[in-house]
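An overview of the molecular structure
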Amino acid sequence: MLQGTKDKMSGSLVSGTCSGPEEVSDLKSPLSSRFREPLTHARFQELYGGAEEPEVPAEPRLPWLCGLWRRRAGCCSGPGAWRVLQARLPPLRWLPHYRWRAWLLGDAVAGVTVGVVHVPQGMAFALLTSVPPVFGLYTSFFPVLIYSLLGTGRHLSTGTFAVLSLMTGSVVERLVPDPLAGNLSEIEREQLEARRVGAAAAVAFGSGALMLAMFALQLGILSTFLSEPVVKALTSGAALHVLVSQLPSLLGLSLPRQIGCFSLFKTLAVVLTALARSSPAELTISALSLALLVPVKELNVRFRDRLPTPIPGEVVMVLLASVLCFASSLDTRYNVQVVGVLPGGFPQPLFPALDELPRILADSLPIALVTFAVSTSLASIYADKYSYTIDPNQELFAHGVSNLISSLFSCFPNSATLATTSLLVDAGGNTQLAGLFSCVVVLAVLLWLGPFFYYLPKAVLACINISSMRQMFFQMQELPQLWRISRVDFAVWMVTWVAVVTLNVDLGLAVGVVVSMMTVVCRTQRVQCLALGLAEGTELYRPLRESHKLLQVPGLCILSYPTPLYFATRGQFRHILEWRLGLGERGKAPKLGSLPDKGAEPIRVVVLDFSGISFADAAGAREVVQLTRRCQDAGICLLLAQCNALVLETLTRAGLLERMTPEQLFVSVQDAAAHALERLVRQEPGGAGLGRDVEKGWRKLKREAGRI
């Protein structure tokens, strides 16, 4: 059995390069194009060398500071400073290559279309934030202008976002609650609104400062911790919160906003209790508005390819409702709540209430994470679709500066928005220049057209909020497909959604992130340590459970452990290998992996395939060193194969080479198996006879090579 397997494994050392007859005689050379000896890691480095490092002048002291000084000096040079400036101001890169004839019209049409939608949506989302509607217009102007200059997402539309508005509104209501005495004078109402505006601006300032700190630390990679199921479940659950929170406005009820855990159910209970006091006029306005907005949204989606530009249903509804309310005097005859006076121009730059910052930093962190995650995921989707790249760290910088500077103009937190981004792409937008055209529309409203919105019913704004959630509600249609693809991701989606709905958006986000990370840890815990065998006639080693035709050598065990080796998996690693190699108690087998054959020959050589171990920490490295010692005590030769440089460096620092020689580290499983087979031949009681048979196999391979 051993001799036949040796012949087959020796044949597997044939490389894919054909050699001529004159090269057949040199079969033992490691550099032969046809046959070679098994290569250890040390021998490979000796023959082919490591990575070349450029020579640098000697730096006897403080090398880290010297390196930092060189980098800064490079940035301060002319070309270096220009590269930094281009990285921080992306228009310097794309504007010189702008296709004016091909793109300008599309950007102008898309920008104007999005700007027209920004006006009603901005005022509507301001109600979610518990601030006057005009501050939604400010948030639809300043952040869009800043992102157009700093952002890398060419098709991204920023501004007010319902989820952020809802999260900010909860913070504002907690910091500045409604007084117990319901009736407020005009002056008291203005003071209350001013305090709420200051609190919302402070939240924007805090989230912007946190994003800039993340940019300084180059933490753009943090966006990966908010997985796609978490983000979609978060936005879908938040959409339900938006719907319930707008019920009082739809029904014309003046009710205090419910905050904290179970706020959705509290709001439903309060609304049901006060249902008898609903305003028939506002209920009629809400029903008519939804009857117009929902079908228009559906038409825009169904006939997206046929319509030259989406139908601006929100604008039509705003104009019709304003004219109807003005002509019928609904505000005075039926006490319909209207927007009222929109101050013209811009607010004075003012630092937000910084004394509130210590209290709102904990609330600003989830807002900053949601801002970055939603914006980066949207930008990545359209960057992949239109074949360009975005810089996550620059996105952190752009959104951080956008929130920080806009907070000085009394804006609340902002980010990229799902609805307006899709609208911008459908309308033909190509670059960030579309954002400037959008700003022109909002600017016109702020400077000249504000008085036309005086009679706009707030119930219409509530309907706009609800209709804008359409995309988020329809994300639940993806659940059956997600169930088929990954049950784990489906579970993460459902847990996050339930947490967002039952608790609140902040806690739901935390629960989703924790559950998502736990699934990653659990997946590493449930990995299977696979026994490998040789596919006859090839040099491929595959798991034995995949085929009964794979070859095994008595006394040789080849194992693959395809997961990172760290503190959470070290116990699993130890138990499985103890069981596989017979080093521990044999009474109880682990659940993972196939059962070893108890009647098989005792293992004398074991090859560990480390190609699947992407990293190892100190605990995992010490576990490998301890395994080496136990194998030595049991008379088992341990060989490591295909260990990447970082893992090998960690193992070396943990003292691996004190227990193992460099000749036991191989560059591939094939090399380690060939060395193990030669070792077994030398240890075989009939080794001389087997050696002659092996030599015949080599001569046979030599003759076959001569025929090629």
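Now for a description of the structure that goes with this document. (Residues numbered from 1 in each chain as written. Predicted model: local features only at pLDDT ≥ 70, side-chain atom pairs only at ≥ 80, totals over all residues. Heavy atoms only, no water.)

Here's the deal with the packing of aromatic side chains
Overall, the coordinates contain 16 aromatic pairs when judged by the stated rule. Ring centres 6.2 Å apart and planes at 55° place the aromatic pair Trp94 and Tyr98 in the tilted group. For the pair formed by Trp94 and Tyr98, the shared burial category is buried. Measuring from ring centre to ring centre gives 5.1 Å for Tyr561 and Phe573, while their planes differ by 75°; the resulting arrangement is edge-to-face. Taken as a pair, Tyr561 in the loop between strand E5 (556-560) and helix H26 (570-581) and Phe573 in helix H26 lie far apart in primary sequence, twelve residues in all. As far as the burial class goes, Tyr561 and Phe573 line up, both buried. The structure contains a cluster of three or more aromatic residues connected by ring pairs, namely Trp94, Tyr98, Trp100 and Trp103. (Phe/Tyr/Trp six-rings, centres within 6.5 Å; stacked < 30°, edge-to-face > 60°. Buried < 20%, exposed > 50% of the residue type's maximum accessible area, 1.4 Å probe, protein only. Helix = DSSP H or I, 4+ residues; strand = E, 2+ residues; numbered from the N terminus.)

So, the sheet that holds E5
Judged by pairing direction, the sheet is mixed, and its six strands sit side by side in the order E4-E3-E5-E6-E7-E8 without closing on themselves. Edge strands, defined here as strands with exactly one partner in the open sheet, are strand E4 (541-543) and strand E8 (665-666). (Pairing = 2+ DSSP bridges.)

Examining the side chain of Thr420
Relative to the helices and strands, Thr420 is located in helix H19 (residues 418-426). Once you skip the residues sitting within four places of it in the chain, Thr420 turns out to touch Val114, Val117, His118, Gln121 and Ser157. (Contact = heavy atoms within 4.5 Å.)

A look at the nonpolar core
Among the nonpolar cores identified, the biggest contains 101 residues, and Met123, Val163, Val370, Phe453, Leu456 and Val505 are the most heavily contacted of them. Looking at this core element by element, the count peaks at twelve residues for helix H17 (residues 357-385). In this structure, Val163 is in contact with Thr235, Ala238, Val370, Met472 and Val505, ignoring residues within four places of it in sequence. Judged by nonpolar contacts, the second largest core, of 32 residues, contains Leu559, Ile576, Ala616 and Leu648. (Core = buried A, V, L, I, M, F, W, Y, C linked by side-chain atoms within 4.5 Å.)

Side note on the packing of helix H9 (residues 162-175) against helix H11 (residues 228-245)
Packing of H9 against H11 brings their axes to within 9 Å, and their N-to-C directions diverge by 65°. As for the relative orientation of H9 and H11, their crossing is left-handed in sense. Where H9 abuts H11, its residues Ala162, Val163 and Leu166 lie against Thr235, Ala238, His241, Val242 and Ser245. Among the residues forming the contact of H9 with H11, the class breakdown is five nonpolar, three polar and no charged. (Axes fitted to C-alpha atoms, helices over the stretch in contact; angles between N-to-C directions. Left-handed = near helix turned anticlockwise from the far one by under 90°. Nonpolar A, V, L, I, M, F, W, Y, C, P; charged D, E, K, R; others polar.)

Overview of the pattern of salt bridges
Counting across every chain of the model gives twelve salt bridges. Residue Lys297 pairs with Glu314 through a salt bridge whose shortest N-O separation is 2.8 Å. Of this pair, Lys297 sits in helix H14 (residues 280-302) while Glu314 sits in helix H15 (residues 313-328); the two residues are 17 residues apart in sequence, bridging distant segments of the chain. Between Glu649 and Arg653 there is a salt bridge whose closest N-O contact spans 2.5 Å. Of the two residues, Glu649 and Arg653 are both situated in helix H28 (residues 645-653); the distance of four residues between them amounts to about one turn of the helix. What you see here is one network of salt bridges that share partners, running through Glu228, Lys232 and Glu478. (Salt bridge = Lys/Arg side-chain N within 4 Å of Asp/Glu carboxyl O.)

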